[in-house]
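In case you want the letters, here they are:
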Amino acid sequence: MTRPPILEPTADSISRAAQALRAGLLVGLPTETVYGLAGDATSDRAVAAIFAAKNRPEFNPLIAHVADAAAARLLVEFDGRAERLAQRFWPGALTLVLKRRADCPVSLLCSAGLDTLAVRCPAHDAARALLKAFGKPLAAPSANPSGQVSPTTARHVADGLGDKVALVIDGGPCAVGVESTVLDLTVAAPALLRPGGVPEEDLAAIVGPLTRPAEGDAIKSPGMLASHYAPRLPLRLDARDVKPDEALLAFGPDAPQGARMTLNLSARGNVVEAAQHLFDYLRRLDASGARAIAAMKLPERGLGRAINDRLRRAAAPR
Ligand code: TXA
Ligand code: MG
């Protein structure tokens with residue numbers, strides 16, 4: 001696999017990336033959550049290329065990334081809740097699912113046949129610079145082959161996608177480390193479709209308690225169905241002990257001893273620090289030569305929820 005150029009974010013590389021996007025090509029985009037595989041959201045051809053590059057099922061819609069709330073208002077029907085949430089959490093790790101406007105210029109492929117569109121304004125400087133230089137919304141799923149571990153460094157992107165991207169902007173390791181929280185605002189009570197970088201508690205403080213999509217309502221959270229975020233090795237959840245042929249994904253000061261390899265997400269038990277390390281450590285344990293990965297459970301608060309969610313999906317039958 002040919003490796004794409006990995007470029008520091010400079011005025012030069014940003015304009016080169018914008019040019020590639022205008023030509024319908026895809027670029028590796030740093031965001032504060034995970035790296036994105038970005039293409040022109042208004043181009044059917046570019047959006048189709050994203051699905052193909054990831055081998056992503058076409059029923060799973062993409063997020064349109066925008067430079068600010070004003071740009072989002074041109075795509076979707078922003079209501080009062082969306083205004084309050086955007087005001088408080090954008091730029092940041094919150095994705096809002098809203099009704100598409102009749103004149104929404106984003107490719108229908110991006111919505112995967114739904115009449116809704118997910119929008120997010122990312123906080124990373126390089127992402128913001130590229131959105132500004134490009135001047136149009138960017139469709140960007142996480143920059144990994146579908147179902148595999150998400151990328152949090154430019155290297156992860158180049159390793160996973162090779163020359164399916166024209167270039168990767170190297171924005172350093174992602175500050176948040178797990179994907180954005182996806183919130184459905186097309187329903188009476190906001191529904192949490194994916195726990196992520198903005199904790200549920202913080203959202204509830206603005207819009208009240210969140211609901212969950214009804215059991216079996218596949219269409220509401222098409223990306224949350226099957227096994228996901230999966231390393232190659234089998235993953236054992238809620239580990240309290242460890243076997244010598246296992247690799248341990250630990251958390252907190254009381255990790256069991258004796259694993260073939262141990263990486264501690266946060267020895268001091270900090271969930272924010274743990275999220276920053278999650279995907280990189282999963283990749284490293286996956287390459288350790290162990291028979292399986294054993295993962296300790298994190299507390300179900302703040303980013304701990306998003307991490308436990310990713311671990312459960314990584315452990316799901318494939
Ligand atoms: O942090 C993130 O959100 C990253 C960075 C690159 O922004 N992107 C990301 O994209 O994680 P992706 O495609 O891997 O995940 C998007 C999630 C999927 O679970 C998808 O099903 C859901 O958002 N989604 C997108 N559009 C939707 C829609 N119209 N209705 C319901 N869910 C939607
Ligand atoms: Mg993804």
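Owing to the predicted nature of the structure, the values given are computational and were not obtained by experimental measurement.

Scoring rules and cut-offs
- Residues numbered from 1 in each chain as written.
- Chains lettered and ligands numbered in written order.
- Predicted model: local features only at pLDDT ≥ 70, side-chain atom pairs only at ≥ 80, totals over all residues.
- Heavy atoms only, no water.
- Near = heavy atom within 4 Å.
- Polar contact = N/O pair within 3.5 Å; in protein donor to acceptor, adjacent residues only side chain to side chain.
- Areas by Shrake-Rupley, 256 points an atom, 1.4 Å probe, with all protein chains shown as cover.
- Helix = DSSP H or I, 4+ residues; strand = E, 2+ residues; numbered from the N terminus.
- Buried < 20%, exposed > 50% of the residue type's maximum accessible area, 1.4 Å probe, protein only.
- Contact = heavy atoms within 4.5 Å.
- Core = buried A, V, L, I, M, F, W, Y, C linked by side-chain atoms within 4.5 Å.
- Domains from an automatic or database assignment.
- Buried area = accessible area lost by both parts, 1.4 Å probe.
- Axes fitted to C-alpha atoms, helices over the stretch in contact; angles between N-to-C directions.
- Parallel < 35°, antiparallel > 145°, perpendicular 65-115°, else oblique.
- Left-handed = near helix turned anticlockwise from the far one by under 90°.
- Nonpolar A, V, L, I, M, F, W, Y, C, P; charged D, E, K, R; others polar.
- Pairing = 2+ DSSP bridges.
- Phe/Tyr/Trp six-rings, centres within 6.5 Å; stacked < 30°, edge-to-face > 60°.
- Lys, Arg positive; Asp, Glu negative; His and termini not counted.
- Salt bridge = Lys/Arg side-chain N within 4 Å of Asp/Glu carboxyl O.

### Describing the site of ligand 1
- For ligand 1, the set of nearby residues contains 25 residues, the closest of which are T33, R56, N60, H65 and S180.
- Measuring from an oxygen atom of ligand 1, one finds a side-chain N or O atom of R56 at 2.9 Å.
- The separation between an oxygen atom of ligand 1 and a polar side-chain atom of R194 is 2.9 Å.
- Notes on ligand 1: free accessible area 680 Å², of which the protein chains cover 96%.
- Listing elements by their share of the shell around ligand 1, those giving two or more residues are β4 (63-65), β6 (116-120) and β10 (191-194).

### Here we look at helix α6 (residues 154-161)
- Of the residues making up α6, those classed as buried are A154, H156, V157, A158 and L161.
- Looking at the buried side of α6, the elements it contacts are β1 (6-7), β2 (27-29), β3 (36-40), α2 (44-54), β8 (167-169) and α8 (271-286).
- At the exit of α6 stands G162, carrying a positive phi of roughly 50°.

### Digging into the nonpolar core
- Ranked by internal contacts, the top residues of the largest apolar core, which has 46 residues, are W90, L96 and V119.
- Among the nonpolar cores identified, the runner-up in size contains 29 residues, and L233, L235, A274 and L311 belong to it.

### Some thoughts on the domain arrangement of the chain
- Assigned domains of the chain: these are domain 1 (6-207) and domain 2 (235-315).
- Computed from C-alpha coordinates alone, the two centres of domain 1 and domain 2 are separated by 27 Å.
- Facing 20 residues of domain 1, the contacting portion of domain 2 comprises 15 residues.
- For the pair domain 1 and domain 2, the summed buried area comes to about 1400 Å², and 55% of that belongs to carbon and sulfur atoms.

### So, the packing of helix α1 (residues 11-22) against helix α5 (residues 125-134)
- At a minimum axis distance of 9 Å, the contact between α1 and α5 shows a crossing angle of 55°. When the axis of α1 is compared with that of α5, the two are oblique. Judged by the twist between their axes, the crossing of α1 over α5 is right-handed. Between α1 and α5, the residues in contact are I14, A17, A18, L21 and R22 and A126, A129, L130, A133 and F134, respectively.
- Of the residues assigned to the contact of α1 with α5, the class counts are nine nonpolar, no polar and one charged.

### Looking at the sheet that holds strand β14 (residues 292-295)
- Read across the open sheet, the four strands follow the order β11-β14-β12-β13; overall the sheet is parallel. One side of each edge strand has no neighbouring strand; the edge strands of this open sheet are β11 (235-236) and β13 (261-264).
- Here strand β12 (residues 246-250) runs beside β13; their pairing, made up of four bridges, is parallel. Within the sheet, the bridge partner assigned to L249 lies in β13 and is L263.

### So, the packing of α8 against helix α9 (residues 303-315)
- Between α8 and α9, whose axes approach to 8 Å, the crossing angle comes to 30°. Comparing the axis directions of α8 and α9 gives the class roughly parallel. Two packed elements cross with a definite hand, and for α8 against α9 that hand is left-handed. Counting all contacts with α8, which are made through V271, V272, A274, A275, L278 and F279, the residues of α9 involved are L303, G304, I307, R310 and L311.
- By residue class, the composition of the contact of α8 with α9 is nine nonpolar, one polar and one charged.

### Quick word on the environment of L235
- Relative to the helices and strands, L235 resides in strand β11.
- For the pair L235 and I293, spaced 58 residues apart in sequence, the C-alpha separation works out to 4.8 Å.
- Excluding anything up to four places from it in sequence, L235 contacts L282, I293, A295, L311, A314 and A315.

### Brief notes about the environment of V198
- By the element assignment, V198 lies in the loop between β10 and α7 (200-207).
- As a C-alpha pair, V198 and A93 span 105 residues in sequence and 5.7 Å in three-dimensional space.
- Setting aside residues no more than four positions away along its own chain, V198 makes contact with F89, A93, L94, T181 and L203.

### A look at the packing of aromatic side chains
- What the rule picks out here adds up to two aromatic pairs.
- Measuring from ring centre to ring centre gives 5.9 Å for Y229 and F279, while their planes differ by 15°; the resulting arrangement is stacked. Taken together, the positions of Y229 in the loop between α7 and β11 and F279 in helix α8 put the pair 50 residues apart, joining distant regions of the chain.
- Given a relative accessible area of 3%, Y229 falls into the buried group.
- F279 gets classed as buried once you look at its relative accessible area, which sits at 0%.

### Section: the side chain of R100
- Within the secondary structure, R100 sits in the loop between β5 (94-99) and β6.
- Buried and without a salt bridge, R100 has D44 as its closest oppositely charged side chain, separated by 8.0 Å.
- Those residues within four positions of R100 in sequence are excluded, and the remaining contacts are L75, V76, E77, V106, S107, L108, S111, L114, D115, T116 and L117.

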